[in-house]
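# Descriptive structure summary
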Amino acid sequence: MTELYLDCSMGCAGDMLSAALYELFPEKDRIIEKLNSIEIPGVRYTAKRTDSCGITGTHMKVEFNDKEEHQGEYNCVELHKHHHYHHTGFKDICSLIDSLNIETNVKESAKTVYGFIAFAESCVHGKEMDNIHFHELGTMDAVADVVAVCYMMSLLKPEHITASTVRIGYGTVKCAHGIMSVPAPATTLLLLGIPVFTGDIECEMCTPTGAALVKYFVNEFGKMPAMTMSAVGYGMGSRKFDRPNCVRAILGTS
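Note that the structure is a prediction, hence the values are computed from the model and not measured. (Residues numbered from 1 in each chain as written. Predicted model: local features only at pLDDT ≥ 70, side-chain atom pairs only at ≥ 80, totals over all residues. Heavy atoms only, no water.)

## Some details on the overall build of the chain
When its secondary structure is counted, the chain shows eight helices and 14 strands. Summarising the internal contacts of the chain: among those between residues at least 6 apart in sequence, 70% fall at separations of at least 24. Accessible area of the chain: about 11,300 Å², with a carbon and sulfur share of 50%. (Helix = DSSP H or I, 4+ residues; strand = E, 2+ residues; numbered from the N terminus. Contact = heavy atoms within 4.5 Å. Areas by Shrake-Rupley, 256 points an atom, 1.4 Å probe, with all protein chains shown as cover.)

## Remarks on the packing of aromatic side chains
As enumerated under the stated definition, the model contains two aromatic pairs in all. Taking the centre distance of 4.7 Å and the plane angle of 80 degrees together, the rings of tyrosine 216 and phenylalanine 217 count as edge-to-face. A relative accessible area of 13% means that phenylalanine 217 is categorised as buried. A connected cluster of aromatic rings, assembled from ring pairs, spans Phe116, Tyr216 and Phe217. (Phe/Tyr/Trp six-rings, centres within 6.5 Å; stacked < 30°, edge-to-face > 60°. Buried < 20%, exposed > 50% of the residue type's maximum accessible area, 1.4 Å probe, protein only.)

## Some words on the side chain of histidine 160
By the secondary structure assignment, histidine 160 is in strand β5 (residues 160-163). Here histidine 160 falls in the buried class, since its relative accessible area comes to 16%. Here threonine 162 takes part through its side chain, which lies 3.4 Å from a polar atom of the side chain of histidine 160. Setting aside anything within four residues of it in sequence, one finds histidine 160 in contact with Met1, Thr2, Glu3, Leu4, Asn219 and Glu220. (Polar contact = N/O pair within 3.5 Å; in protein donor to acceptor, adjacent residues only side chain to side chain.)

## Some remarks on the nonpolar core
Nonpolar side chains in soluble globular proteins tend to end up buried together. Membership of the largest hydrophobic core comes to 69 residues, with the highest contact counts inside it found for Leu4, Leu6, Leu21, Ile40, Tyr45 and Tyr114. Among the elements that make up this core, the one with the highest residue count is helix α6 (residues 140-156) (13 residues). When sequence neighbours within four positions are dropped, the list of residues in contact with leucine 4 reads Leu21, Leu24, Met153, Pro158, His160, Ile161, Thr162, Ala249, Ile250 and Leu251. (Core = buried A, V, L, I, M, F, W, Y, C linked by side-chain atoms within 4.5 Å.)

## Concerning the pairing of strand β2 (residues 43-52)
Judged from the 10 bridges that link them, β2 and strand β3 (residues 55-64) form a sheet pairing that is antiparallel. Paired with aspartate 51 across the two strands is threonine 56, which belongs to β3. Counted between consecutive antiparallel strands, the loop separating β2 from β3 contains two residues, among which cysteine 53 sits at a positive phi close to 55 degrees. (Pairing = 2+ DSSP bridges.)

## Overview of helix α4 (residues 90-98)
Taken residue by residue, α4 has Phe90, Ile93, Cys94, Leu96 and Ile97 as its buried positions. Take α4 and look down its axis: the buried residues cluster within an arc of 160 degrees, on one side only. Considering only its buried residues, α4 is in contact with α5 (104-125) and α6. (Arc of directions from axis to C-beta.)

## Quick look at the confidence of the model for the chain
Mean pLDDT over the chain: 88, with 88% of residues reaching 70 or higher. Taken as a whole, residues 71-87 scores under 50 in pLDDT and shows 43 contacts with residues more than four places along the chain or in a different chain. (pLDDT = per-residue confidence, 0-100.)

## Here's the deal with the pattern of salt bridges
The tally for this structure, following the rule as stated, stands at nine salt bridges. Here arginine 30 makes a salt bridge to glutamate 27, at a shortest N to O gap of 2.8 Å. A relative accessible area of 58% means that arginine 30 is categorised as exposed. Here the residues in one salt-bridge network are Arg167, Asp200, Asp242 and Arg243, joined through shared partners. (Salt bridge = Lys/Arg side-chain N within 4 Å of Asp/Glu carboxyl O.)

## A few points about the packing of α5 against helix α8 (residues 208-217)
Across the interface, α5 lies against α8 with an axial gap of 9 Å and an inter-helix angle of 120 degrees. The angle between α5 and α8 falls in the class oblique. The element α5 and its partner α8 pack so that their crossing is right-handed. The residues of α8 that touch α5, namely those facing Ser109, Thr112, Val113, Phe116 and Ile117, are Thr209, Ala212, Leu213, Lys215 and Tyr216. The class makeup of the residues in the contact of α5 with α8 is six nonpolar, three polar and one charged. (Axes fitted to C-alpha atoms, helices over the stretch in contact; angles between N-to-C directions. Parallel < 35°, antiparallel > 145°, perpendicular 65-115°, else oblique. Left-handed = near helix turned anticlockwise from the far one by under 90°. Nonpolar A, V, L, I, M, F, W, Y, C, P; charged D, E, K, R; others polar.)

This is how it looks when you write it as structure tokens:
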């Protein structure tokens, strides 16, 4: 049986997870070429080799209209100014995903992940799912992260996915609605039923996108299962800490 283990001891974000999965492929250039052919409006993927505390891995850089994006940099209103797509609600995100040049099963997975996010946001704000304004989650880099992870999972076809306990961090984070405690309210709902720990780093270590992807794909949480390892990938985050800031993905057979 094909096993995939995700080490989330330094948290989880969409770009870190996509970069870790990308590193598992021997023909990496073909993966980037395919991602850029999906035709997410204005988006370009670049896999950048980088290191964190002496460990070399990949940072998955996403540029929107030639500018590198970060979670929360654009809200949905600003995106509307930049492109004819109007990403304000769940149906708008689904329409965008349906328009992409990618296989149907990948589209369905990506829409389900966004369904998790929309439901969590609707619960937090007391609104219907399609009345939710995604703010940070509606940015094009978040769409790019979700689609990339769903695409690479469809290629890897792991039969069983295990993840470690997820580091969530502590402190506060600036959101569209103000200063929130870590984990942010929607992230907290997405992580229900998932084993987490705070850790000793004052920072948001698990993003809503990362939480939704883990919730959708992971079958079991715990220690790495017994396996014969065939590939390992390190997906690097952009923040610098006193230890490697990465999601580690290990592929093997049980």
